[in-house]
Every structure is written in C-alpha cells, then in structure tokens.
Amino acid sequence: MNAPKVVITATQAQWACLLSKVNHAADPSAAIPILAGVKFHEHNGYLHATCTDLTITLSAVSDITVPPGLAFAVNQQKLMGLFKLYASDTTLKMTLEFDKDRLLLQSGKSRSTLGLLPPQDFPEIARPDTDFPFSCEVLPLWWTTALRYTEPFMAQKDSRLYLNGLRFQAAASTQTLLLTAADGRRLAQFKDNALPSPFTQDWDTILPRTALTEVSRLLLQKDTAPLTLRLSASQLKVTHSGVVLYANLIESKYPDVSKIIPPIPAPSVATVSTLDLQSSLKHFAVLHDAKATAAVFDFKDGILSLRAHCTTISSAPNTDASDELEVDYRGPDQTCAYNVGFLQDALKTIQADTIELHNFDASKPLRIVDPADPRITQLIMPLRVST
C-alpha cells in the first residue's frame, strides 16, 4: 500500500540509465495504455523498472533507494521525453501524489505533471513460480559473434513460425551449443563448446528474433560479465548486469536440416579474396536490386567469371555487369547462380581475408566457409537462370 505522497530524489543520469534498459519492451502505439507504460516497484529497498509488450518483458534495478512497498506506473515515452530535457547531472525531484493519481517532476523552476497508471493492471508474462530446468552461461563476445553469423539468415514474418527464430540446441554430453537460422533459401549454423561453465541438460527450442535483438542491444562493447540463459518449456529468461529479460518461446517444431548440409571436403572448392568478391557483388547491386539479382558463377581454367542476371522483368534495358576474379579452384567446370543479396549478407559476417566456397552444383546448396572460424556453417541455395 502506497503512502498518499512519496518523494524520490535522483539525478537525470540515474533515471535515464534505468529507463533506457527497459523502454524498448514497451509499445508506444498500444491500444491498451498500460502496455505503453513502465512499472516501477521497490525490491530490497531499491527501485526496479519493468516494461512489456506481451511478447518480451525487460526488468532492471537501479541504485535509487525508495520506501518499502512502493509501486506505480506511468507512460514511459512521455517520462523519457521529460528526462531528456535535462543535463545528466541535474537533480530531479519526483513527487508521487497517489490520492490525485499524478506524478510531479521538478528541477528548479521547471515543473511537469504526468498522470499515473494503475500498477495492478500491468501484465506479467513471467510468473515468479516458473521453473527453468535448463541453465547455461555465455560470454558477451560469444553471443555477439554467434548472432553476427546467424541473424541475417533468419526469416521475418514468415508463415512458418519456426523460421522467424533461432533454433537453440544444447548437448550436455559434449557441452556443445548449436544455433541454427534459416529462411527456406539459406541457412546458417554456429556450433561451439567453449563456454565459461558446464550445463547439465540437453535442450532443443526456438528463440524469438525480438528477444535476440534486445539481448544484443543491452550488451556493451567491452562487457565481459557472462549472460545467464535459462529455459523452460515456454519461456526464455536472460540475466545480465542487473537486467532481466523474459520472452515467450516460439512454439513450433524445427525441421531436421542436417541432411542438406554438404560434407567437407566437397567435390568442388574455390578459394577467393573476400574483398574482391564483395567488390564484384557491390558492382552488381549498383545496377540492379541485390535481392532480385543472381550472380552467375562460371568456373573455367582457374578463372571465375561473374555476371549479373536480374530475375525480374522490371530491370532497365541494356543494363549489365560482369567481372573476372583469380581463384584457386579445384573441381570440374561449373556454371551456377546465387542471390546477390544473400551472398552479400554472408560475406559481411566474415572477417577473414579469404573465403572458401564449397559445392558448386546447380541442384545443391553452396557452402561458405570461413577458414579462420570452423564454428560457422553458411549455406545458400542455387537459382535457376536462363543462360
């Protein structure tokens, strides 16, 4: 039970830091006002903030001390807008008048008023009694690396729900995590067993894209504190540096993709400069829409000939592009085509000077290999184009 009037004094930096950790989970355009709000409550003497859009929930703790049992809610976008008006070292006096359902924010002669929202109406997608049988720790660098390789390959708003997320597989016997992303035309996997601490259970689930994006946003570039991932049958819980994220898992069955991954070594392998291939693809994308253009690979006598082939009838007439690259190629003469945009997405994730392209075959996926990182598997399905 809140007192009729409560005063909280803190700096703009303290308020902005707390709210910035959770405000991405709020929905400013929600028809239900409470979903556009932020709920504040006391726990162990400190102020916590929580936002949710019913798919993910973000909660964070601050160093602002408040009275026991305090709980209130307010529109987060308007409150954050007010905080941005002040310098970071400005001391702000927040007066909560619960008998009048309003919040007063003061600094010097500046004064603003916001209406309060009923905190009891705030939805909780994370129940306190939820059991999370699976738990593991990963380092921030591991997380950002894994997402860099896999996230571009995830579908967006596909009717096949499992393609809109990242498959998460854990094998306790080998202490290995396997992440898989696909959109039906390409696939990426990240497999690693270099984890900071062991886990004890096997697990197989699908993590939603929104949760992955929010976790990546919370990580600082030089952050070294591990993330703790916990999983139940229906929820993901991520804890990191005082911030807790809850998200509903994608309830679907991911297909077995192991059968489409070509073995190494492949019948045909080309080693090519990453920068040279990127330059050729960029050349094609200048003249045509990258997502609607095929890069036709023609291997003959150790030379890779590339040409752009637009797959739409809207292409401007008399517009063409081609290139030749020196490659180290082993295999029969081949002509295959792949989506320019998909190739560009894959090459952006690779930091090595050279890459290996495996399995040139008009009926099988191309495998892109980063020689500097064996944890990665990336596949792109070929296109059929007229010669």
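Our subject in this report is the structure included herewith. (Residues numbered from 1 in each chain as written. Predicted model: local features only at pLDDT ≥ 70, side-chain atom pairs only at ≥ 80, totals over all residues. Heavy atoms only, no water.)

A tally of regular secondary structure across the protein chain gives 6 helices and 25 strands. Across the 387 residues of the protein chain, 51% fall into the buried class. For the protein chain, the share of sequence-separated contacts (at least 6 apart) that also reach a separation of at least 24 residues comes to 66%. For the protein chain, the accessible surface area stands at approximately 18900 Å², while carbon and sulfur atoms represent 52% of it. Side-chain charges of the protein chain comprise 35 positive and 39 negative groups, with the mean position of each set lying 6 Å from the other. (Helix = DSSP H or I, 4+ residues; strand = E, 2+ residues; numbered from the N terminus. Buried < 20%, exposed > 50% of the residue type's maximum accessible area, 1.4 Å probe, protein only. Contact = heavy atoms within 4.5 Å. Areas by Shrake-Rupley, 256 points an atom, 1.4 Å probe, with all protein chains shown as cover. Lys, Arg positive; Asp, Glu negative; His and termini not counted. Charge placed at Lys NZ, Arg CZ, Asp CG, Glu CD.)

A few words on the pairing of strand β9 (residues 134-138). Working note: regular strand, side chains alternate between the two faces of the sheet. Across the two faces of β9 the burial differs, with F134, C136 and V138 buried and S135 and E137 not buried at all. Where β9 and strand β14 (residues 227-231) come together, 5 bridges link them in antiparallel fashion. When the sheet's bridge partners are listed, V138 is paired in β14 with L227. (Pairing = 2+ DSSP bridges.)

What follows is about the sheet that holds strand β6 (residues 91-97). Here 4 strands make up an open sheet; going across it, the order is β1-β6-β7-β8 and the pairing antiparallel. At either end of the open sheet lies a strand with only one pairing partner, and these are β1 (5-11) and β8 (110-115). Adjacent strand axes in the sheet meet at a mean angle of 20° when their direction is disregarded. In this sheet, β8 lies alongside strand β7 (residues 102-107) in antiparallel orientation, the contact comprising 6 bridges. Its bridge partner lying in β8, L104 is registered against T113. Strands β1 and β6 of the sheet are contacted by helix α1 (residues 12-20), whose axis makes an angle of about 95° with β1. (Axes fitted to C-alpha atoms, helices over the stretch in contact; angles between N-to-C directions.)

Burial analysis of helix α3 (residues 140-150) places 8 of its 11 residues in the buried class, which makes it a mostly covered element. Here α3 has its buried residues at P140, W142, W143, T145, A146, L147, Y149 and T150.

Looking now at the nonpolar core. F40, F72 and F297 are the most contacted members of the largest nonpolar core, which totals 101 residues. Sequence-distant contacts of F297, that is, excluding residues within four places in its chain, are made with L277, L304, S305, L306, Q334, T335, C336, Y338, L343, L357 and F360. (Core = buried A, V, L, I, M, F, W, Y, C linked by side-chain atoms within 4.5 Å.)

One non-glycine residue, L54, lies in positive phi territory at about 80°. Checked against the element boundaries, L54 lands in the loop between β3 (46-52) and β4 (56-65). Given the relative accessible area of 41%, L54 is considered partly exposed. In the Ramachandran plot, N359 falls in the positive-phi region, its phi being about 75° despite a non-glycine side chain. For N359, a relative accessible area of 7% puts it in the buried group.

With 14 residues, helix α5 (residues 274-287) should cover 20 Å at 1.5 Å per step; its first-to-last C-alpha distance of 21 Å lies within 8% of that length. The complete set of buried residues in α5 reads T274, L277, S280, L281 and F284. Down the axis, α5 shows its buried residues gathered within 135° of arc, on one side only. Exposed and facing more than 90 degrees away from the buried side of α5 are L275, K282 and V286. Next to the buried residues of α5 lie β17 (269-273), β18 (293-300), β19 (303-310), β20 (322-326), α6 (340-348) and β23 (354-358). (Expected span 1.5 Å × (residues − 1). Arc of directions from axis to C-beta.)

On to the packing of aromatic side chains, then. With the rule as written, the count across this model stands at 17 aromatic pairs. Summarising the aromatic geometry, the rings of W15 and F83 are spaced 5.6 Å apart at their centres and angled 20° between planes, so their arrangement reads as stacked. One end of the pair, W15, is in helix α1; the other, F83, is in helix α2 (residues 76-83), and 68 residues separate them in sequence. The two residues W15 and F83 agree in class, both being buried. (Phe/Tyr/Trp six-rings, centres within 6.5 Å; stacked < 30°, edge-to-face > 60°.)

Turning our attention to the packing of α1 against α2. Interhelical geometry of α1 versus α2 gives an angle of 145° and a closest axis separation of 10 Å. Seen along the crossing, α1 lies across α2 with a hand that is left-handed. Along the contact surface, α1 presents Q12, W15, A16, L19 and S20, while α2 presents Q76, L79, M80 and F83. Residue composition of the contact of α1 with α2, by class: 6 nonpolar, 3 polar and no charged. (Left-handed = near helix turned anticlockwise from the far one by under 90°. Nonpolar A, V, L, I, M, F, W, Y, C, P; charged D, E, K, R; others polar.)

A separate point is the sheet that holds strand β12 (residues 186-192). With antiparallel pairing, 9 strands are arranged side by side in an open sheet as β13-β10-β11-β12-β25-β24-β23-β17-β21. The sheet terminates laterally at β13 (203-208) and β21 (328-330), the two strands that pair on one side only. For this sheet the average axis-to-axis angle between neighbouring strands, irrespective of direction, equals 20°. By the bridge criterion, 5 bridges tie β12 to strand β25 (residues 376-380) in an arrangement that is antiparallel. Counterpart to Q189 in the pairing with β25 is T377.

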